[in-house]
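What follows is each chain in one-letter form.
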Amino acid sequence: MDLELIRELQAYGFFALVVFLVVVLYSYWYHLYRSEKTGRRNYEKYADLALHDDISDRVLEQNKRSA
């Protein structure tokens, strides 16, 4: 195998990896979007967690096993 072939294979591999990661990213974004629109999760409530993280603040949601 010469160096040119190795570089070409690396370029194709990099391109395939980037395409794969873009597909995974958009799939994850779509999952989050659909979960919020169908009402399964409220991600704004989770985003507010960074502002209300004191020990005396109320619990965001109860654990189903312990409740």
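Refer to the structure presented above.
As the structure is a prediction and not an experimental result, all values here were calculated from the model. (Residues numbered from 1 in each chain as written. Predicted model: local features only at pLDDT ≥ 70, side-chain atom pairs only at ≥ 80, totals over all residues. Heavy atoms only, no water.)

J.: Mind laying out the overall build of the protein, listing which residues take part and the relevant values?
T.: When helices and strands are counted, the protein shows two helices and zero strands. Its C-alpha radius of gyration of 22 Å places the protein more than 25% over the 11 Å reference for a compact globule of 67 residues. In the protein, which comprises 67 residues, the proportion classed as buried is 1%. Surface accessibility of the protein: about 6700 Å² in total, with carbon and sulfur atoms responsible for 61%. Mean positive and mean negative side-chain charge positions of the protein (9 and 10 charges, respectively) differ by 12 Å. (Helix = DSSP H or I, 4+ residues; strand = E, 2+ residues; numbered from the N terminus. Rg over C-alpha atoms; globule rule 2.2 N^0.38 Å. Buried < 20%, exposed > 50% of the residue type's maximum accessible area, 1.4 Å probe, protein only. Areas by Shrake-Rupley, 256 points an atom, 1.4 Å probe, with all protein chains shown as cover. Lys, Arg positive; Asp, Glu negative; His and termini not counted. Charge placed at Lys NZ, Arg CZ, Asp CG, Glu CD.)

J.: Explain the packing of aromatic side chains residue by residue, including any values.
T.: Within this structure, the stated rule accounts for one aromatic pair. When the centroid spacing of 5.6 Å and the interplanar angle of 15° are considered together, the rings of tryptophan 29 and tyrosine 33 count as stacked. One end of the pair is tryptophan 29 and the other is tyrosine 33, both in helix H1 (residues 3-38) and four residues apart, which spans about a single turn. Tyrosine 33 sits in the partly exposed class, given a relative accessible area of 39%. (Phe/Tyr/Trp six-rings, centres within 6.5 Å; stacked < 30°, edge-to-face > 60°.)

J.: How would you summarise H1 if you had to cite specific residues and measurements?
T.: Taking 1.5 Å of rise per residue, the 36 residues of H1 would be expected to cover 52 Å, and the 52 Å separating its terminal C-alpha atoms lies within 8% of that figure. In the stretch just after H1, glycine 39 is the one whose phi turns positive, near 90°. (Expected span 1.5 Å × (residues − 1).)

J.: Lay out the environment of aspartate 57 with the relevant residues and their values.
T.: Position of aspartate 57 among the secondary structure elements: in the segment after helix H2 (43-47). Under the relative-accessibility criterion, aspartate 57 is labelled partly exposed at 31%. Along the backbone, aspartate 57 and tyrosine 12 are 45 residues apart, and their C-alpha atoms lie at a distance of 51 Å.

J.: Describe a nonpolar patch on the surface, and please don't skip the residues or the numbers.
T.: Together, Phe14, Val18, Val22, Leu25, Tyr26, Trp29, Tyr30 and Tyr33 make up a nonpolar patch on the protein surface, roughly 900 Å² of accessible area in all. Residue placement: tyrosine 30 occurs in helix H1. (Patch = residues over 30% accessible without salt bridge, like charges linked within 9 Å, V, L, I, M, F, W, Y side chains within 5 Å. Salt bridge = Lys/Arg side-chain N within 4 Å of Asp/Glu carboxyl O.)

J.: So what's going on with the environment of glutamate 61? Residues and values would help.
T.: Mapped onto the fold, glutamate 61 is located in the segment after H2. Taking the C-alpha atoms as reference points, glutamate 61 and tyrosine 46, 15 residues apart in sequence, are found 9.9 Å from one another. Apart from residues lying up to four places away in sequence, glutamate 61 is in contact with Arg41, Lys45 and Tyr46. (Contact = heavy atoms within 4.5 Å.)

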